[in-house]
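# Tertiary structure, described
This is what each chain is made of:
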Amino acid sequence: MLNVNHPERERGYIPIADHGLIGNLRTAALISTDGSVESYCVPNFDSPSIFARILDKDKGGHFSITPTNSFTTKQSYLPNSNILQTKYLNEQGVATVTDFLPRQPSSATARPLLAWLIRRVEVIRGSMPIRVECAPAFNYARSAHTTDILLDTSVALSLSPVPKDPHNKALFSSPDANLDLDLRYIAESNLDNVSEPEVQLNLLDLSDKGHKGPGVWTELELREGQIVTFVLRTPPDVKLPPQAHPTHKTAEDLGIPYETGRGRIDLAAPGRPDTDQGMSPSLLLSSSCSELPQTLLRELLEQTNNYWNAWIRRSTYTGSWKEAVNRSALALKLLIYEPTGAVVASPTFSLPEYIGGTRNWDYRASWIRDSSFTLYALIRLGFTHEANAFMEFIFERVRARGPDGSLKIMYTIHGDKEFPEEELSHLDGHKGSKPVRIGNGAIDHVQLDIYGELMDCIYLSQKYGRPLGYDTWVAVRDIVEYVIAHMHEPDLSIWEVRNRHRHFTYSKVMMWVAIDRGIRLAEKRSLPCPRRSEWYAARDALYEEIMQKAWNADKRFFAQSYEDLDILDSALLIMPLVFFSTPADLRFLSTLKNILHSPERGGLTSNDLVYRYDVSKTDDGVGGEEGTFCLCTLWCIEALARAGEYDKAMLNKAIAMFEDFLQYTNHLGLCTEEISDAGEALGNAVQGFTHVTLISAAYNLSRMRSKASGSV
């Protein structure tokens, strides 16, 4: 049964899962199933938000396109694409909103990347009344702005005998945020006997809801064949002379047919030749208005769709669950910051891990920990260009490591080492989940496990990517020495606890991985390693230490830390995935079976979904509750799949768990960080770590299933 939306009612928060994501490899926007832009930061992933309605329904800022009468809704991506389409349906009509951030093929003749948010509204059956509201809230809703409705001089006035209202645009200006935005529109009809729709922008006062500046609104009475496309952008810092604006008089004075420029919009980008003030007036007119906006916008839609289609066709994946894998790959691509090659952990911030709770973090940065898993997913799917770009980002961080040889656990997408954490007390938080945080204080944590993920990443890149140069090897060698020097120290580990340092077993395992991968690199590449024997001794000693100090002999599982031997931690499911142990190792299998028990029986698994650890049994310095962790569920599935090579029942269990997990992805196949006991998506969306582990789990599960059936 479809849920019926009643726009006359007070709009609350839309569930986290009920959103799609669009992006352009610079930033991304979250679009709800009722057509509202709920999260959007400009110009980059980690820039201040202009829309953050998902974190404050009243004053967070939004850009909504919604019917004014009751409707049901469907939302989907265009096939093999990241162009999102939301469809509204009722007895009177059907309308679609097509949302995208443009991408064009990389070539010498391509336009510069246009940092536009394009929203195309079309009625395809009957008629539908639609209300459009664009209400930005600059700088996380902290900065005031002015709004002006201006004559859009880039669109000529009609000479029709029936006077029409002037074609206007809205200009939002926030000096405090150092940002201007303008909202323009193009109205058209694709049926000969249907007129273009009329659009009238009006100021929208939302000061009673806490907005610090006006928005704009319009109500459209659209019928079949009528289309309105809205373009929200940062206007270029150039002013064209009056003769460049298309008017009948300008065309007549220049001897150019008015049809050459009629209805055309100035879409010039800074630095384009057509912004040159020295060009002749006729060339300026024909250059700045060289394409019909309808044609240009249709081209952008087609080129963007072609870009995504061409990209996903490069995938070499041939295993099972291909649709889920391809959607995860497309989601992962949306998280790449193209200028540096960094992969953002999530494009959203401060979405709660438990509704009403305090575990609300900003993930708009690139974690070293994610590196090997991300690289593995990209390599397994054949996306070597993205893998090499990400590796170069990682190597840049290695070369710029601290004076003591250490690395930060995360870096900004620009490669910076500062990402200060701040609480935004003026925002309500999603469904009242406070505090809302920006930045992440964990950037200064000591988390020694990251060197294992980093070295695994470098090792993988050498197996499948660009060979390592000598200078980089020297830096890598220093990292191994750093690990050996610190492997007996406590840290805060993968879960970024915020109280006491401990000897976390996960960190010890990953430090073993760091030393092991250094040895493997030296051996396989015949690279110089003056302390080779010391590396072997350190690796083996650390292995023995883990076996002695992390093993709970009474309960038969590896514990979370040397200090907390009664605490289970599903992070240790990583052991066979990084070849610390074989999947058939009895100690590991016993740990796995303990994790698979329900929390009531001392385990961490509920409804085939896995918790990180029991927050009621251990103090992590954060407080509050949380849901099951998607990453841990997928690690459990992959561990079962690998163990299934020796025990078919475990392989069958892995397949059942994976297919069950896919039901918890949203209607678009997107994943969040966590899932509640009731099946509600929690945490930041879209979560990169979840998607890369989904790809890895599908790949290895498919491989094991084929192996078991004898087809490999």
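Calculation notes
- Residues numbered from 1 in each chain as written.
- Predicted model: local features only at pLDDT ≥ 70, side-chain atom pairs only at ≥ 80, totals over all residues.
- Heavy atoms only, no water.
- Helix = DSSP H or I, 4+ residues; strand = E, 2+ residues; numbered from the N terminus.
- Expected span 1.5 Å × (residues − 1).
- Salt bridge = Lys/Arg side-chain N within 4 Å of Asp/Glu carboxyl O.
- Pairing = 2+ DSSP bridges.
- Contact = heavy atoms within 4.5 Å.
- Buried < 20%, exposed > 50% of the residue type's maximum accessible area, 1.4 Å probe, protein only.
- Core = buried A, V, L, I, M, F, W, Y, C linked by side-chain atoms within 4.5 Å.
- Axes fitted to C-alpha atoms, helices over the stretch in contact; angles between N-to-C directions.
- Parallel < 35°, antiparallel > 145°, perpendicular 65-115°, else oblique.
- Left-handed = near helix turned anticlockwise from the far one by under 90°.
- Nonpolar A, V, L, I, M, F, W, Y, C, P; charged D, E, K, R; others polar.
- Polar contact = N/O pair within 3.5 Å; in protein donor to acceptor, adjacent residues only side chain to side chain.
- pLDDT = per-residue confidence, 0-100.
- Phe/Tyr/Trp six-rings, centres within 6.5 Å; stacked < 30°, edge-to-face > 60°.

Turning next to helix α15 (residues 688-709). Here α15 is 22 residues long and its end C-alpha atoms lie 32 Å apart, about the 32 Å a rise of 1.5 Å per residue gives. Following α15 by one or two positions, Gly710 adopts a phi angle in the positive range, close to 85°.

Time to look at the pattern of salt bridges. A complete count under the given rule lists 44 salt bridges for this structure. Across the pair Asp456 and Arg517 runs a salt bridge, and its minimum N-O distance is 2.8 Å. Of this pair, Asp456 sits in helix α8 (residues 450-464) while Arg517 sits in helix α10 (residues 505-525); the two residues are 61 residues apart in sequence, bridging distant segments of the chain. Each of Asp456, Asp516, Arg517, Arg520, Arg539 and Asp540 takes part in a single network of salt bridges with overlapping partners.

Turning next to the sheet that holds strand β29 (residues 628-629). Here we have three strands laid out as an open sheet, ordered β29-β30-β31, and antiparallel in their pairing. Edge positions in the sheet fall to β29 and β31 (681-682), since each has one partner strand and no second. Direction of pairing for β29 relative to strand β30 (residues 674-675): antiparallel, over a ladder of two bridges. Across the sheet, Phe629 pairs through a bridge with Glu674, a residue of β30.

Topologically, Ala329 is positioned in helix α5 (residues 322-334). Spatially, the C-alpha atoms of Ala329 and Ile695 are 7.7 Å apart, while their sequence positions differ by 366 residues. If we skip the residues at most four places from it in the chain, Ala329 touches Trp311, Ile312, Leu381, Phe383 and Ile695.

What follows is about helix α13 (residues 630-643). Taking 1.5 Å as the rise per residue, α13 with 14 residues should run 20 Å; its terminal C-alpha atoms sit 20 Å apart, in good agreement. For α13, the tally of buried residues reaches 14 of 14 residues, placing the bulk of the element in the interior.

With 202 residues, the main nonpolar core has Phe63, Phe230, Leu232, Trp635 and Phe658 as its most contacted residues. When residues no more than four places from it in sequence are discounted, the contact partners of Phe230 are Phe63, Ile65, Leu117, Ile118, Arg119, Val121, Val132, Leu183, Arg184, Tyr185, Thr218 and Leu220. Listed in part, the ten residues of the second largest apolar core include Phe100, Leu114, Ile118 and Leu296.

Bringing the packing of helix α6 (residues 371-381) against helix α7 (residues 384-399) into the picture now. In contact at an axis separation of 9 Å, α6 and α7 are set at 160° when each is read in the N-to-C sense. It follows from the interaxial angle that α6 and α7 lie roughly antiparallel. Crossing hand, α6 versus α7: left-handed. Counted together, Ser371, Thr374, Leu375, Leu378 and Ile379 of α6 and Glu386, Ala387, Phe390, Met391 and Ile394 of α7 form the full contact between these two elements. Broken down by class, the residue content of the contact of α6 with α7 amounts to seven nonpolar, two polar and one charged.

Checked against the element boundaries, Ser696 lands in helix α15. Within the structure, Ser696 has its side chain in polar contact with the side chain of Glu638 (distance 2.8 Å). When near neighbours in sequence (up to four residues on either side) are disregarded, Ser696 contacts Tyr376 and Glu638.

Averaged over all residues, the pLDDT of the protein chain is 89; the fraction at 70 or higher stands at 89%. Here residues 158-163 scores under 50 on pLDDT; set against residues more than four positions off or in separate chains, the count is two contacts. With pLDDT under 50 throughout, residues 256-292 is counted as low confidence; its partners more than four residues away or in other chains account for 83 contacts.

The exposure class assigned to Ser696 is buried, which follows from its relative accessible area of 10%. In the structure, Ser696 is positioned 322 residues away from Thr374 in sequence and 9.3 Å away in space, judged by C-alpha atoms.

This brings us to the packing of aromatic side chains. Between two aromatic rings, the relevant description is the distance of the centres plus the angle of the planes. Overall, the coordinates contain 22 aromatic pairs when judged by the stated rule. With a centroid separation of 5.2 Å and 85° between ring planes, the pair formed by Trp512 and Phe580 is classed as edge-to-face. Here Trp512 is found in helix α10, whereas its partner Phe580 is found in the loop between β26 (557-558) and α12 (586-596), with 68 residues between them in sequence. Each member of the pair, Trp512 as well as Phe580, is classed as buried. Ring centres of Tyr543 and Phe580 lie 4.4 Å apart, and the angle between their planes is 25°; this geometry places the pair in the stacked category.

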